[in-house]
Amino acid sequence: GGMGLAAGGVGWQYGRRDRASTELLVRFLPRHYGNEFRLTFTLKESFAPWSIRCCPWLAVEPLTCGAYVTTITGEEFWGSREPKRYPKHYYNFASRLRLNVFLGQQVSFYTRNDVLRQVSAYYELSTNEIYLLSRATNSYLRPRDYLRLSFGIRMQICKPIDR
């Protein structure tokens, strides 16, 4: 999904019925999937417009959406200035930073445990600004060229703050 293989981080829920969330994540990409081991850092904002509580221990969020910014480690990725090996203005974007958008769904299981409060399984279909620009200018691209599918499990390990 453009964020790495596994992640750890912190997050918080807020808004009406805690339907919005912000997460700060550190993810890793093993050497097997690239030239070398990489870390990615992500700031993610999510929103679930509605949640369907099926029973006391199960809820379904039929739509989740949001955006996230990701940066990756490695000397071959650059920020505001491209490396001198390229002609000036060859690339008009930073390779170290990506802005992504996503749509998905989530199923949440609630526990009675004070430590592990909730486990959620989710999927997200995402893309970033470079992929969208490529798709807009190259009609031959197929969805698999500009969309990424992510699967994950999210665990809430703290008791929510009573309001």
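This section reports on the structure supplied with the text. (Residues numbered from 1 in each chain as written. Predicted model: local features only at pLDDT ≥ 70, side-chain atom pairs only at ≥ 80, totals over all residues. Heavy atoms only, no water.)

### Considering unusual backbone geometry
Rules: Secondary structure counts use DSSP, requiring at least four H or I residues in a row for a helix and at least two E residues in a row for a strand, with both numbered from the N terminus. Three exposure classes are used, based on accessible area relative to the maximum for each residue type with a 1.4 Å probe and protein chains only: buried under 20%, partly exposed in between, and exposed over 50%.
Although it is not a glycine, Arg17 sits at a positive phi angle of roughly 55°. By secondary structure assignment, the location of Arg17 is in the loop between β1 (6-14) and β2 (20-29). Positioned with a positive phi, Asp18 is a non-glycine residue whose angle comes to about 55°. According to the relative accessible area criterion, Asp18 is partly exposed, its value standing at 29%.

### Comments concerning the environment of Tyr110
As a reminder of what qualifies: In what follows, a contact means two residues having at least one pair of non-hydrogen atoms within 4.5 Å.
Looking at where Tyr110 falls in the secondary structure, it is placed in strand β6 (residues 97-110). Once the C-alpha coordinates of Tyr110 and Leu58 are considered, the two residues, 52 residues apart in sequence, prove to be 6.2 Å apart. Non-local contacts of Tyr110, meaning those with residues more than four positions away in its chain, are made with Arg53, Pro56, Trp57, Leu58, Ala59, Arg117 and Gln118.

### A look at the side chain of Thr42
Heads up, the rule is: We define a polar contact as two N or O atoms separated by no more than 3.5 Å, with the added condition that, inside protein, one atom must be a possible hydrogen donor and the other a possible acceptor, whereas residues neighbouring each other in sequence contribute only through side-chain atom pairs.
Positionally, Thr42 belongs in strand β3 (residues 38-47). On the accessibility criterion, Thr42 (4% relative accessible area) is buried. Reaching out from Thr42, the side chain makes a polar contact with the side chain of Thr70 at a distance of 3.4 Å.

### Here's the deal with the side chain of Ser108
For Ser108, the position within the fold is in strand β6. Separated by 3.3 Å, the side chains of Ser108 and Gln118 make a polar contact. Polar contacts involving the side chain of Ser108 include one to the side chain of Ser120, which spans 2.8 Å. If we skip the residues at most four places from it in the chain, Ser108 touches Trp57, Leu58, Ala59, Glu61, Gln118, Val119 and Ser120.

### Points about the pairing of strand β5 (residues 58-72)
Put simply, the rule is: Two strands pair under a simple rule: DSSP has to find at least two bridges between them.
Examined bridge by bridge, β3 and β5 share eight bridges and lie antiparallel to one another. Counted as the bridge partner of Glu45 is Ala67 from β5. Pairing of strand β4 (residues 52-55) with β5 involves three bridges; the strand directions are antiparallel. Pairing of Arg53 across the sheet is with Ala59, part of β5. A loop of two residues connects β4 with β5, the two strands running antiparallel in sequence. Looking at chain direction, β5 and β6 are connected through twelve bridges and run antiparallel. Bridge pairing in β6 links Val60 to Val107.

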